[in-house]
Amino acid sequence: MAKQTIVEGQTATNRATGEKIVYRAGKWYPLGTGQAAAPPPKLSPQDLVALNETRNSANAMGEMAGQAQKFVELNRRAGTGPIMKIPGAKTLMNAFKPELAQMDALAARMAPAQRVPGSGTTSDKDLELFMAAIPSVERMGVANEAIASDMQTMAKSRMSRAAFFDRWAQERGTLLGAQEAWQATQGKATAKPRPAAGKTSGAGWKIVP
């Protein structure tokens with residue numbers, strides 16, 4: 001029996017369900033109302049790299065935010081502050097509070113993780129800047145909680161941006177315009193309404209827009 005040759009545009013029908021499919025670009029696709037479903041768009045190599053970097057950035061920030069939260073939990077059991085800058089203070093306190101050593105270890109992992117992949121080695125100046133952006137045993141607990149909260153917010157933003165870029169690329173087959181569209185959505189989300197002109201608050205006071 002001769003092997004049947006499948007040609008572009010050929011259709012097939014499932015005898016049991018009646019579902020129809022069509023052969024396009026070397027693959028079978030569902031056949032809707034006389035129209036073949038379009039093959040998924042292919043991204044350019046540059047867009048694939050950018051999309052991968054966006055996902056990796058979101059994942060890295062999410063991991064750091066989790067470590068920062070763990071730092072805060074330990075910080076609630078062991079106080080921190082500028083006293084830790086005194087030479088020998090950390091070594092002495094670590095003997096009584098093992099949580100401090102754990103916090104130091106978390107900070108040591110978070111700091112270099114902020115380096116952009118492919119940007120080369122981390123200088124002393126870079127490391128100093130990285131340390132300023134994460135919780136530290138040399139800060140008070142309140143400051144560490146505020147920094148950890150900012151990191152959580154940043155992680156959520158990057159994850160949301162990565163998901164937005166994924167949808168954009170899937171629907172359009174390109175990342176062209178994705179950043180501008182993302183920024184526009186963020187502007188709408190953060191915009192605050194101005195107070196209505198003429199509205200008063202208390203005797204003799206008027207809110208001026």
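Residues numbered from 1 in each chain as written. Predicted model: local features only at pLDDT ≥ 70, side-chain atom pairs only at ≥ 80, totals over all residues. Heavy atoms only, no water.

## Notes on the nonpolar core
Alright, step 1. The biggest cluster of nonpolar side chains holds 22 residues, and the ones touching the most others in it are F71, L100, M103, M110, I134, V137 and M151.
Alright, step 2. When residues of this core are traced back to their parent elements, those giving at least two are helix 1 (45-75), helix 3 (98-113) and helix 5 (141-172).
Alright, step 3. Here this core takes seven residues from helix 1, the largest share from any one element.
Alright, step 4. By size, the runner-up hydrophobic cluster in this structure holds ten residues, among which are L43, F164, W168 and W182. (Core = buried A, V, L, I, M, F, W, Y, C linked by side-chain atoms within 4.5 Å. Buried < 20%, exposed > 50% of the residue type's maximum accessible area, 1.4 Å probe, protein only. Helix = DSSP H or I, 4+ residues; strand = E, 2+ residues; numbered from the N terminus.)

## A closer look at the layout of surface pockets
Alright, step 1. Approximately 170 Å³ is the volume attributed to the second largest pocket.
Alright, step 2. Along the walls of the second largest pocket sit K85, K90, D104, A107, A108, M131, S136, V137, E138 and R139, which together make up its complete lining.
Alright, step 3. With three residues, helix 3 is the single largest residue contributor to the lining of the second largest pocket.
Alright, step 4. A per-class count over the lining of the second largest pocket returns four nonpolar, one polar and five charged. (1 Å grid on protein atoms, 1.4 Å probe; cavity = no way out; pocket = protein on both sides within 12 Å on 5 of 7 lines; lining within 4 Å. Points joined across faces, edges and corners; volume = space filled by probe spheres on them. Nonpolar A, V, L, I, M, F, W, Y, C, P; charged D, E, K, R; others polar.)

## Quick word on the pattern of salt bridges
Alright, step 1. Summed over all chains, the structure comprises six salt bridges.
Alright, step 2. Across the salt bridge formed by E99 and R77, the nearest N and O atoms sit 3.7 Å from each other. Here E99, found in helix 3, pairs with R77, found in the loop between helix 1 and helix 2 (89-96); they are 22 residues apart in sequence, far enough to count as distant.
Alright, step 3. The class for R77 is partly exposed, based on a relative accessible area of 49%.
Alright, step 4. Between R172 and E171 there is a salt bridge, with its nearest N and O atoms 3.3 Å apart.
Alright, step 5. Take R172: its relative accessible area is 43%, and that puts it in the partly exposed class.
Alright, step 6. Here the salt bridges share partners, and the residues they tie into one network are K90, D104 and E138. (Salt bridge = Lys/Arg side-chain N within 4 Å of Asp/Glu carboxyl O.)

## Regarding the packing of helix 1 against helix 5
In helix packing, the relevant descriptors are the interaxial angle and the interaxial distance, both defined with respect to the helix axes.
Alright, step 1. In contact at an axis separation of 8 Å, helix 1 and helix 5 are set at 155° when each is read in the N-to-C sense. The pairing of helix 1 with helix 5 is recorded here as roughly antiparallel in orientation. Relative to helix 5, the crossing made by helix 1 is left-handed.
Alright, step 2. Broken down by class, the residue content of the contact of helix 1 with helix 5 amounts to 16 nonpolar, nine polar and five charged. (Axes fitted to C-alpha atoms, helices over the stretch in contact; angles between N-to-C directions. Parallel < 35°, antiparallel > 145°, perpendicular 65-115°, else oblique. Left-handed = near helix turned anticlockwise from the far one by under 90°.)

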